[in-house]
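The residues making up each chain are set out below.
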Amino acid sequence: MAEETIFSKIIKHEIPSEIVYQDDEVTAFKDISPKAKVHILIVPNKVIPTVNEIEDEDAALIGKMVLTAKKLAKDLGFAENGYRLVINCGEDGGQEVPHLHLHLLGGQKLRIVGLGF
Ligand code: AMP
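Conventions adopted
- Residues numbered from 1 in each chain as written.
- Predicted model: local features only at pLDDT ≥ 70, side-chain atom pairs only at ≥ 80, totals over all residues.
- Heavy atoms only, no water.
- Helix = DSSP H or I, 4+ residues; strand = E, 2+ residues; numbered from the N terminus.
- Buried < 20%, exposed > 50% of the residue type's maximum accessible area, 1.4 Å probe, protein only.
- Contact = heavy atoms within 4.5 Å.
- Near = heavy atom within 4 Å.
- Polar contact = N/O pair within 3.5 Å; in protein donor to acceptor, adjacent residues only side chain to side chain.
- Areas by Shrake-Rupley, 256 points an atom, 1.4 Å probe, with all protein chains shown as cover.
- 1 Å grid on protein atoms, 1.4 Å probe; cavity = no way out; pocket = protein on both sides within 12 Å on 5 of 7 lines; lining within 4 Å.
- Sits in = over half its atoms within 2 Å of the grid points.
- Nonpolar A, V, L, I, M, F, W, Y, C, P; charged D, E, K, R; others polar.

Chemist: Whenever I open this one, the side chain of Asp 58 confuses me. Can you help?
Modeler: Mapped onto the secondary structure, Asp 58 falls in the loop between strand S3 (38-44) and helix H2 (59-75). On the basis of relative accessibility, which here comes to 3%, the residue Asp 58 falls in the buried class. Ignoring anything within four residues of it in the chain, the contact list for Asp 58 reads Lys 46, Ile 48 and Glu 53.

Spelled out as structure tokens, the structure:
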């Protein structure tokens, strides 16, 4: 099993964070250093370090992450205007935290160049 991460501590409420959604499979919380008006991270509760470690058996879990982002965008009122979902993978992809996470960025017009952040 993969090592616990700073996000594991957030999931277990061991360190403070602004959790906006949580269930048995995923947790969503506000990014501590937001790159857009709304910047939320959606993470699987179990540690999957990067996209490279996703297994076939995780397919439903990955789908759940995307569906959670979709629901949050609707609940927060910017689904119709649009938003951006990003997953960074590994060093060249700019991934800093080795716990798979989906960035939900929205609430404003996002820059196109360089994916905006
Ligand atoms: P990435 O570069 O894709 O690995 O993104 C990691 C993200 O985690 C960055 O946007 C950070 O601002 C964010 N982050 C790091 N530590 C925390 C934390 N304790 N609470 C919330 N977000 C965090």
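Chemist: Whenever I open this one, the site of the ligand confuses me. Can you help?
Modeler: Around the ligand there are 17 residues in total, and Asp 31, Asn 88, Glu 96, His 101 and His 103 lie nearest to it. Within the side chain of Asp 31, one N or O atom sits 2.5 Å away from an oxygen atom of the ligand. The separation between an oxygen atom of the ligand and a polar main-chain atom of Val 97 is 3.1 Å. Protein coverage of the free-state accessible area of the ligand, which is 510 Å², stands at 88%. Using a 2 Å cut-off from the grid points, one finds that the ligand occupies the largest pocket. For the shell around the ligand, the secondary-structure elements that each account for two or more residues are helix H1 (6-11) and strand S2 (26-30). If you tally residues by element for the shell around the ligand, the top one is H1, at 3 residues. Taken together, the residues of the shell around the ligand break down into 7 nonpolar, 6 polar and 4 charged.

By themselves, these observations are geometric and do not establish any function.
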